[in-house]
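# Summary of the model geometry
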Amino acid sequence: MSETLKIKEIFLSIQGEADTAGWPTVFVRLSGCPLRCRWCDTAYAFQGGERLSLEAVVARVGDYGVRHVTVTGGEPLAQPACLALLTRLADAGFAVSLETSGALDVSGVDPRVVKVMDLKPPASGEAARNRWENLAFLQPADQVKFVIADRGDYEWSREQVARHALAGRCQVLFSPVAGELPPRRLAEWILEDRLPVRFQLQLHKLLWGDQPGR
Ligand SMILES: C[S@@+](CC[C@H](N)C(=O)[O-])C[C@H]1O[C@@H](n2cnc3c(N)ncnc32)[C@H](O)[C@@H]1O
Ligand SMILES: Nc1nc2[nH]cc(C(=O)O)c2c(=O)[nH]1
Ligand code: SF4
Ligand SMILES: [Mg+2]
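Since we're looking at a predicted model, the values are computed, not measured. (Residues numbered from 1 in each chain as written. Chains lettered and ligands numbered in written order. Predicted model: local features only at pLDDT ≥ 70, side-chain atom pairs only at ≥ 80, totals over all residues.)

### Structural notes on the site of ligand 3
To keep things clear, this is the line we draw: We call a residue near a molecule or strand when the C-beta position, derived from backbone atoms, sits within 6 Å of it. Residues are grouped as follows: Ala, Val, Leu, Ile, Met, Phe, Trp, Tyr, Cys and Pro are nonpolar; Asp, Glu, Lys and Arg are charged; every other residue, Gly included, is polar.
Taken together, Cys-33, Leu-35, Arg-36, Cys-37, Cys-40, Thr-42, Gly-73, Gly-74, Glu-75 and Ser-101 make up the full set of residues adjacent to ligand 3. Grouping the constituent residues of the shell around ligand 3 by class yields 4 nonpolar, 4 polar and 2 charged.

Here you go:
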């Protein structure tokens with residue numbers, strides 16, 4: 001029997017986050033997540049979804065006729081068949097990125113796939129889940145992302161960037177928790193400290209607000 005995945009949704013949108021922000025992108029959102037970040041904007045993906053074969057997912061992605069595809073969730077790596085999906089999408093010629101929490105092993109991710117990996121700061125409630133061994137598997141095109149709720153999270157994130165020399169390994173993204181930390185405050189902290197990190201806002205929320213399938 002061919003492998004299957006529980007899929008919450010597949011949709012076309014403007015990439016709202018990370019290095020490919022702005023590109024028309026197909027999103028494949030896998031169901032389920034073992035974490036419960038306090039501010040998660042995608043809790044609707046924790047349950048439900050449709051079981052699809054890898055072939056069906058690749059075919060649906062292809063139907064949209066765009067080059068970029070992002071596999072996200074939920075936590076995509078919580079389903080082991082996600083690794084095979086990533087490889088099939090890369091084989092099919094798509095520019096593939098993976099959004100992952102940083103709590104699951106990324107060592108098996110196809111090297112053609114760009115990893116966008118969170119490190120969860122304390123106010124998420126999930127900092128104990130950060131899998132620090134993952135840092136050894138980052139490639140230069142990958143990105144490490146900190147989603148920051150308050151000054152404590154900012155200082156913690158700044159400390160991890162320094163301790164693990166992250167800025168020399170890949171792009172480092174700092175993003176405010178939407179609706180919680182005023183973006184300007186985070187921008188000013190970054191500038192005051194001359195931090196070598198990239199400030200990010202979720203473009204799709206500026207365009208469409210906070211709604212599923214966008
Ligand atoms: C919904 S998660 C799915 C992938 C994976 N579970 C993860 O956490 O990276 C995708 C991205 O959205 C970010 N995110 C979730 N809720 C957010 C919020 N309220 N404000 C800003 N970013 C948020 C996450 O931190 C993560 O970078
Ligand atoms: N437009 C849009 N861009 C995104 N980039 C990463 C997303 C995610 O939820 O992982 C996301 C999303 O949910 N929507
Ligand atoms: S790991 Fe990602 S999907 Fe899971 S709760 Fe945190 S932000 Fe949401
Ligand atoms: Mg999202």
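### Things to note about the pairing of strand E4 (residues 68-72)
As a reminder of what qualifies: Counting other C-beta atoms within 10 Å of a residue's own tells you its class, since 20 or more makes it buried, 12 or fewer makes it exposed, and anything in between is partly exposed; those C-beta atoms are placed from the backbone. Only DSSP runs of H or I with at least four residues qualify as helices, and only runs of E with at least two residues qualify as strands; both kinds are numbered from the N terminus onward. Here, strands pair whenever DSSP counts at least two bridges between them. If you view a crossover with the strands going away from you and the path from the first strand over the helix to the second runs clockwise, you call it right-handed.
E4 sits mainly inside the fold: 4 of its 5 residues count as buried. As defined by bridge partners, strand E2 (residues 24-30) adjoins E4 across 5 bridges and the pair is classed as parallel. Residue Phe-27 lies in a different strand from E4, and its bridge partner there is Thr-70. Running through helix H2 (residues 82-91), the crossover from E4 to the neighbouring parallel element strand E5 (residues 95-100) is right-handed.

### Here's the deal with the UniProt feature "binding site: Mg(2+)" (unreviewed entry) in the chain
What counts here: UniProt positions are given in the numbering used here, feature names are shortened, and annotations may be inferred rather than shown by experiment.
In the numbering used here, UniProt assigns the "binding site: Mg(2+)" (unreviewed entry) feature to Thr-42. Here Thr-42 is to be found in the loop between E2 and strand E3 (50-53).

### Some details on the packing of helix H1 (residues 54-63) against H2
Worth spelling out the cut-off: Axis geometry follows a simple rule: fit a line to the C-alpha atoms, using only the stretch in contact for helices, then measure angles between N-to-C directions, giving values from 0 to 180 degrees. Each angle receives one of four descriptions, namely roughly parallel if under 35 degrees, roughly antiparallel if over 145, roughly perpendicular if within 65 to 115, and oblique otherwise. Crossings are assigned a handedness: left-handed for a near helix turned anticlockwise from the far helix by less than a right angle, right-handed for a clockwise turn. Two residues qualify as being in contact provided that their C-beta atoms, derived from the backbone, are within 7 Å of each other.
Where H1 contacts H2, the two axes come as close as 10 Å, and the packing angle between them is 40°. In terms of axis orientation, H1 runs oblique to H2. The element H1 and its partner H2 pack so that their crossing is right-handed. Of H2, the residues touching H1 (which contributes Leu-54, Val-57, Val-58 and Val-61) are Ala-84, Leu-85, Arg-88 and Leu-89. Taken together, the residues of the contact of H1 with H2 break down into 7 nonpolar, no polar and 1 charged.

### Thoughts on unusual backbone geometry
Following Gly-73, the chain continues into Gly-74 via a peptide bond in cis, with omega recorded as 25°. Tracing the sequence through the fold places Gly-74 in the loop between E4 and H2. Although it is not a glycine, Ala-18 sits at a positive phi angle of roughly 75°. By the secondary structure assignment, Ala-18 is in the loop between strand E1 (4-14) and E2. Taking the C-beta count within 10 Å as the criterion, Ala-18 has 19 such neighbours and is therefore assigned partly exposed.

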